[in-house]
There are 2 protein chains.
Amino acid sequence: MPSYKLTYFDACGFGESARMLFHLGGVPYEDVRLPTINAVPGFQSDEFSALKDKTPFGRFTVLSIDGFDLAQSSAIHRYLARKFGYAGKTPEDEAFADSIVDQFNEYYASLHPYRDAVKTGKTMEEVKQIHDKVYIPAKNLMFKILTRILKENKSGFLVGDGLTWADLVVADHLYTLTNLKELDPEDPIHLTLRKFQEKIFNLTELKDYIETRPVTLV
Amino acid sequence: MPSYKLTYFDACGFGESARMLFHLGGVPYEDVRLPTINAVPGFQSDEFSALKDKTPFGRFTVLSIDGFDLAQSSAIHRYLARKFGYAGKTPEDEAFADSIVDQFNEYYASLHPYRDAVKTGKTMEEVKQIHDKVYIPAKNLMFKILTRILKENKSGFLVGDGLTWADLVVADHLYTLTNLKELDPEDPIHLTLRKFQEKIFNLTELKDYIETRPVTLV
């Protein structure tokens, strides 16, 4: 079996779906968790800079597979999903899962101005303005897409009739949004997605991992 | 053989690698090219809005495969690359190609403020400011990554010893940059990448297509 090392921050974010996939595959790996302070814009220790400079594209997440360093979280997740049987059952299902994750990545990238405002110490009012202008419409659009997919697919999973890495990526993010109080329990769309996240986290093959993993806010 | 229909604007951009892959695979498809005016921010005809509303995520590129509509250009390109044998020869090569394209997509997305400034009629001075602040550093970083990969890989391709869809995505963009006069013939890094692009476009299996395809600026 190859030797795997996953390097990411001590957070869920772009590393957690890989960790879940290792659990699902029953495959041991080294889980290197960097202090999250390094992810704050503007902050960089010399040690972190040196680490970063050795990565393929100057950033984390990185998965080392017998010494081959693979960057970019979606490439990592897809690679593990295909190895462990969670990429989708047909080429079309695989492509559909890919497309959902790409759409999610675009949504997530569009939130950068908001995340930066939070991390770089803008005033509460400035943060709220960016939240309303950037976060809310992006979230509404992504949520509309996700609930439509779930409604059309009927299986309770995003793709086909079983778990794929697209479910993991989306459920992980919804859990983070719950922690950040970004889901409104009165909103039927939010409620649908919260139920989807709970269903995924309560799957027999994931439940144990979720209950015993390191606790982080995001 | 499935019936394929690709819908994108009358431009290279996020559709051209799919068109090249169809040519490489020797597989016929319907090449629907929407007027590029619809891609300008703020402009939308009723007809285009109606078309967009029928896409999986409200946007183009879309590939219809026997009526199954697949969105997101990278998901489309990867799907075709795997069908036609241009995804990479090993799981690790496939993942490396994926990671290069994801890095490219992040670079390309980071240019949005510049592209919007050009399209929405900012003054020459404003456009130049955004060009220097956004475009130049993003391009320099991406070019550094690409030239390092080419140097390390030695085959003249980005991944392994043969053509993959990562080469197509990158070469198409470099050709567009040449058209837009964004490559400096005096800069050795730009020259390396220009030579890479010419090598890809001159491959026996692509040359004919490149010479006879519709001519567009971008």
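- As named in an unreviewed UniProt entry, chain A is glutathione transferase, taken from Caenorhabditis elegans.
- The Sequence similarities (unreviewed entry) comment attached to chain A in UniProt states, word for word, "Belongs to the GST superfamily. Sigma family."
- The Catalytic activity (unreviewed entry) comment attached to chain A in UniProt states, word for word, "RX + glutathione = an S-substituted glutathione + a halide anion + H(+)".

Examining the interface of chain B and chain A
Right, on to step 1. Each side of the interface is counted separately: chain B has 27 residues, and chain A has 27 residues.
Right, on to step 2. Taken together, the two surfaces of chain B and chain A that pack against each other cover about 2,400 Å², and 52% of this comes from carbon and sulfur.
Right, on to step 3. Between chain B and chain A we count 8 salt bridges in total.
Right, on to step 4. Salt-bridge contacts for K83 of chain B lead to E92 of chain A; the nearest nitrogen and oxygen are separated by 3.8 Å.
Right, on to step 5. The interface formed by chain B and chain A holds 14 residue pairs in polar contact (both at pLDDT 80 or more) in total.
Right, on to step 6. Of all the elements in the fold, those that place two or more residues in the side of chain B that touches chain A are β4 (68–71), α3 (73–84), α4 (91–110) and α6 (124–153) of chain B.
Right, on to step 7. Examining the composition of the side of chain B that touches chain A, we find that 11 residues originate from one element, α4 of chain B, more than from any other.
Right, on to step 8. For the side of chain B that touches chain A, the per-class residue count stands at 13 nonpolar, 4 polar and 10 charged.

Topic: the pattern of salt bridges
Right, on to step 1. Counted under the stated rule, the structure contains 34 salt bridges over all chains.
Right, on to step 2. The salt bridge involving D132 of chain B is made with K128 of chain B; its shortest N-O contact spans 2.5 Å. Here D132 of chain B pairs with K128 of chain B, and both are found in helix α6, just 4 residues apart, close to one helical turn.
Right, on to step 3. One connected set of salt bridges, linked through shared partners, spans D10, E16, R19, D31, R33 and R213 of chain A.

Brief notes about the nonpolar core
Right, on to step 1. Formed by 62 residues in total, the largest nonpolar core has its most connected members in L21, L63, L80, I100, Y107, L158 and I200 of chain A.
Right, on to step 2. Considering each element in turn, this core owes the most residues, 9 residues, to helix α6 (residues 124–153) of chain A.
Right, on to step 3. Two domains each put at least three residues into this core: domain 1 (4–85 + 207–212) and domain 2 (91–204) of chain A.
Right, on to step 4. Other than its neighbours up to four places away in sequence, L63 of chain A contacts Y4, K5, L6, F22, F68, D69, L70, I76, Y79 and L80 of chain A.
Right, on to step 5. Core analysis: the second largest hydrophobic core is formed by 61 residues, M20, F84, I145 and F201 of chain B among them.

A short note on the sheet that holds strand β1 (residues 4–9) of chain B
Residues and elements named next belong to chain B.
Right, on to step 1. On the basis of which strands lie adjacent, the open sheet formed by 4 strands has the order β2-β1-β3-β4 and mixed pairing. The open sheet has two edge strands with one neighbour each: β2 (30–34) and β4. When the angles between neighbouring strand axes are averaged without regard to direction, this sheet yields 20 degrees.
Right, on to step 2. Bridge count for β1 against β2 is 5 bridges, and the pairing is parallel. Directly across from L6, in β2, lies its bridge partner D31.

The rules we used
Residues numbered from 1 in each chain as written. Chains lettered and ligands numbered in written order. Predicted model: local features only at pLDDT ≥ 70, side-chain atom pairs only at ≥ 80, totals over all residues. Heavy atoms only, no water. UniProt positions renumbered as here; feature names shortened; annotations may be inferred. Contact = heavy atoms within 4.5 Å. Buried area = accessible area lost by both parts, 1.4 Å probe. Salt bridge = Lys/Arg side-chain N within 4 Å of Asp/Glu carboxyl O. Polar contact = N/O pair within 3.5 Å; in protein donor to acceptor, adjacent residues only side chain to side chain. Helix = DSSP H or I, 4+ residues; strand = E, 2+ residues; numbered from the N terminus. Nonpolar A, V, L, I, M, F, W, Y, C, P; charged D, E, K, R; others polar. Core = buried A, V, L, I, M, F, W, Y, C linked by side-chain atoms within 4.5 Å. Buried < 20%, exposed > 50% of the residue type's maximum accessible area, 1.4 Å probe, protein only. Domains from an automatic or database assignment. Pairing = 2+ DSSP bridges. Axes fitted to C-alpha atoms, helices over the stretch in contact; angles between N-to-C directions.

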